[in-house]
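Close look at the chain arrangement
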Amino acid sequence: MPIPQQLKPKCFQIKAPPELATTVKGAITSLFRSVDFSRGPVIEVTALDTAAGIETTVELEQHQPWHHFDAEINDPCYDQADRANRVKERIRLGVKTVLCQAYGIPFSPWGILVGVRPTKLVHRLIDRNFSREKIISILTDVYGVAGSRQELLLDVVDRQRSFFMPNVNNPVSVYVGIPFCPTRCGYCSFAAYPFETHSHLVKSFLKALHQEITALGELLREHNIKVQSVYLGGGTPTTITGSDLSKLLKLLNEYFDADRCQEYMVEAGRPETLTPETLEILKAHGVQRISINPQTMNDRTLQLIGREHTADQVREAFALAARYQFEHINADLILGLPGEGQADFCYSLEEIIKLGPDHITIHSLALKRASRFGQNLEQLELEQKLGEAMSNYARERLAGINMNPYYLYRQRYIFSDLENVGYAKAEAESIYNVQMMEERQTIIGLGGGAITKLVSPDLTVVRHANPKCPATYAQQLAEFIDPKKFQIKRHLSV
Ligand code: SF4
């Protein structure tokens with residue numbers, strides 16, 4: 001298989017006003033994995049901002065130039081900051097258009113939106129009372145987003161608006177990271193340490209986690225901050241069993257009222273971790289929502305990606321979970337797994353639908369550097385049309401059973417330049433997923449690799465990341481807990 005253009009090293013020289021060089025570089029590196037800017041063909045960019053509008057030209061030696069005149073920016077709904085941004089947006093669009101044409105790269109259905117959260121842009125436009133028509137025209141003309149992705153975006157943001165609370169700091173949500181898994185999947189880039197080789201770290205990790213829960217729980221109480229949702233992720237929290245799991249959930253109930261808040265969710269992603277005892281413990285402590293993640297229902301692929309369970313174990317886990325009557329069950333699937341085509345993906349989707357979850361998340365495989373597959377990137381088949389067809393099929397199929405998209409995010413090096421989308425039946429949407437993704441609520445992150453996001457009323461976000469490694473987390477907690485408490489306290493007191 002030929003290596004896709006995006007994965008081949010490239011060289012370019014940039015000729016542009018100094019203040020715009022970073023924007024040009026950013027647009028180039030969003031297309032290619034490795035770029036040398038010291039030699040190679042010249043990309044020349046000019047941008048002229050006059051009272052009449054913004055005139056932008058992008059030229060690449062021996063290729064068709066791109067020229068655009070933007071008078072729409074003179075609309076009174078825009079301010080000076082919009083104008084400065086528009087110059088950069090035009091350059092991004094021009095550079096990407098020229099390079100895609102020159103190298104035969106399919107233009108991304110997401111246009112120049114390369115960020116993780118394209119929904120945030122649309123929410124900001126809605127906040128400014130831009131009309132639907134205006135938003136669609138901006139997505140098309142300025143960002144180059146394809147019609148199918150515009151529809152998806154608007155569908156998602158429409159479902160999210162009712163989740164936004166007037167006060168971004170009360171209530172908050174709580175994330176608890178448990179960085180252990182039975183084994184490490186080949187595509188994983190999360191904080192996930194195989195239990196077999198790292199179980200000796202569990203005791204010290206949990207001891208530190210209990211300390212962090214107590215410290216932050218007391219802080220929230222002092223400030224009379226309510227908790228809207230509690231989410232246990234990782235890793236696979238159900239790798240922890242028996243009395244360890246019970247004690248942890250009890251503590252979360254005591255300090256965050258987890259069993260009485262609006263949403264209490266535990267990732268039980270690996271079906272082999274679900275035993276009657278574990279499910280009994282989750283249920284007894286008030287957990288309402290679990291996630292059982294097959295990723296694929298093809299045994300051959302499961303083996304290939306390092307998940308040591310079978311599709312039948314997924315079926316058994318669903319049957320077992322059904323006995324405990326959790327309010328909601330999510331199932332994750334991955335589109336673009338190695339060796340899988342449309343027929344494999346459709347089979348998995350149908351098999352999952354038969355199991356009856358009320359929430360399905362469709363991920364597109366992202367090969368990050370940290371993953372085992374990431375080291376063999378030439379294996380990545382960037383067949384955009386195939387990926388889009390599968391993604392569109394999933395959307396239509398799920399709409400047919402009243403499961404609608406309500407959150408989405410993107411990653412770099414994602415299969416076919418697609419997206420990850422959460423679909424849910426009415427009222428089965430996860431509050432935490434929306435709050436975490438849209439960053440309209442403060443999230444207190446506890447445990448391994450957990451990220452605290454302190455959101456201000458103007459929607460700026462300050463982050464604090466805990467160490468990913470369970471040993472480092474346990475060792476360093478004493479050092480970082482007081483500064484972290486101080487930072488959160490100061491934020492909540494403003
Ligand atoms: S189950 Fe999830 S967190 Fe655990 S190793 Fe696999 S991808 Fe990573």
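These numbers come from a predicted model, not from an experiment.

Reading guide: rules and limits
- Residues numbered from 1 in each chain as written.
- Predicted model: local features only at pLDDT ≥ 70, side-chain atom pairs only at ≥ 80, totals over all residues.
- Helix = DSSP H or I, 4+ residues; strand = E, 2+ residues; numbered from the N terminus.
- Expected span 1.5 Å × (residues − 1).
- Buried ≥ 20, exposed ≤ 12 C-beta atoms within 10 Å, placed from the backbone.
- Contact = placed C-beta atoms within 7 Å.
- Axes fitted to C-alpha atoms, helices over the stretch in contact; angles between N-to-C directions.
- Parallel < 35°, antiparallel > 145°, perpendicular 65-115°, else oblique.
- Left-handed = near helix turned anticlockwise from the far one by under 90°.
- Pairing = 2+ DSSP bridges.
- Near = placed C-beta within 6 Å.
- Nonpolar A, V, L, I, M, F, W, Y, C, P; charged D, E, K, R; others polar.
- Domains from an automatic or database assignment.

Quick look at helix 2 (residues 80-103) now. When the terminal C-alpha atoms of helix 2 are compared, their 35 Å separation across 24 residues agrees well with the 34 Å that a helix rising 1.5 Å per residue should span. Taken together, the buried positions of helix 2 are occupied by Arg-86, Val-87, Glu-89, Arg-90, Ile-91, Arg-92, Leu-93, Gly-94, Val-95, Lys-96, Val-98 and Leu-99. Residues of helix 2 that are buried make contact with helix 1 (18-29), strand 4 (42-50), strand 5 (53-60) and strand 6 (66-70). Looking at the residues trailing helix 2, positive phi occurs at Gly-104, about 65 degrees.

Looking now at the packing of helix 12 (residues 342-355) against helix 13 (residues 384-399). Packed helix pairs are characterised by how far apart their axes lie and by the angle those axes make with each other. At their nearest, the axes of helix 12 and helix 13 sit 10 Å apart, and the two run at 20 degrees to each other. Comparing their axes, helix 13 and helix 12 come out roughly parallel. Crossing of helix 12 against helix 13: the hand is right-handed. For the pair helix 12 and helix 13, contact is made by Gln-342, Phe-345, Cys-346 and Leu-349 and by Leu-386, Ala-389, Met-390, Tyr-393, Ala-394 and Arg-397, respectively.

Let's shift gears to the pairing of strand 4. One ladder, built from three bridges, connects strand 2 (residues 13-15) with strand 4; its direction is parallel. What sits directly across from Ile-14, in strand 4, is Ile-43. Inspection of the sheet shows strand 4 paired to strand 5 by eight bridges, in the antiparallel sense. When the bridges of strand 5 are listed, Thr-46 appears paired with Thr-57. The antiparallel hairpin formed by strand 4 and strand 5 contains two residues in its connecting segment.

Neighbouring the ligand are the residues Cys-181, Arg-184, Cys-185, Cys-188, Phe-190, Ala-192, Gly-234, Gly-235, Thr-236, Gly-269 and Arg-270. Here the residues of the shell around the ligand sort into five nonpolar, four polar and two charged.

The subject of this paragraph is the sheet that holds strand 6. Read from one edge of the open sheet, four strands run 2-4-5-6, paired in mixed fashion. Two strands bound the open sheet, and with one partner strand each, they are strand 2 and strand 6. Neighbouring strand axes in the sheet, compared pairwise and without regard to direction, differ in orientation by 10 degrees on average. Its contacts with the sheet place helix 1 against strand 2 and strand 4, and it is angled at close to 125 degrees to strand 4. Relative to the sheet, helix 2 contacts strand 4, strand 5 and strand 6, its axis offset from that of strand 5 by approximately 25 degrees.

In this section: the domain arrangement of the protein. Interfaces are often sized by the amount of accessible area the parts lose when they come together. Per the domain assignment, the segments making up the protein are domain 1 (1-105), domain 2 (106-160) and domain 3 (164-487). On a C-alpha basis, the centres of domain 1 and domain 2 stand 20 Å from each other. Along the lines of polarity and charge, the residues of the side of domain 1 that touches domain 2 split into four nonpolar, one polar and three charged.

As a further point, take the packing of helix 1 against helix 2. Their axes nearest at 9 Å, the elements helix 1 and helix 2 cross at an angle of 40 degrees. Relative to helix 2, the element helix 1 lies oblique. The two elements helix 1 and helix 2 meet at a crossing, and its hand is right-handed. Touching Leu-20, Thr-23, Val-24, Ala-27 and Ile-28 of helix 1 are Lys-88, Ile-91, Arg-92, Val-95, Lys-96 and Leu-99, all from helix 2. Here the residues of the contact of helix 1 with helix 2 are counted per class, giving seven nonpolar, one polar and three charged.

Before going further, it helps to examine unusual backbone geometry. For the bond from Asn-170 to Pro-171, the omega torsion is 5 degrees, close enough to zero to count as cis. In this fold, Pro-171 is placed in the loop between helix 5 (147-160) and strand 7 (172-178). The omega torsion of the bond from Gly-234 to Gly-235 falls at 15 degrees, within 30 degrees of zero and hence cis. Structurally, the position occupied by Gly-235 is in the loop between strand 10 (227-234) and helix 8 (242-256). With phi around 70 degrees, Gln-295 is a residue other than glycine that occupies positive phi space.

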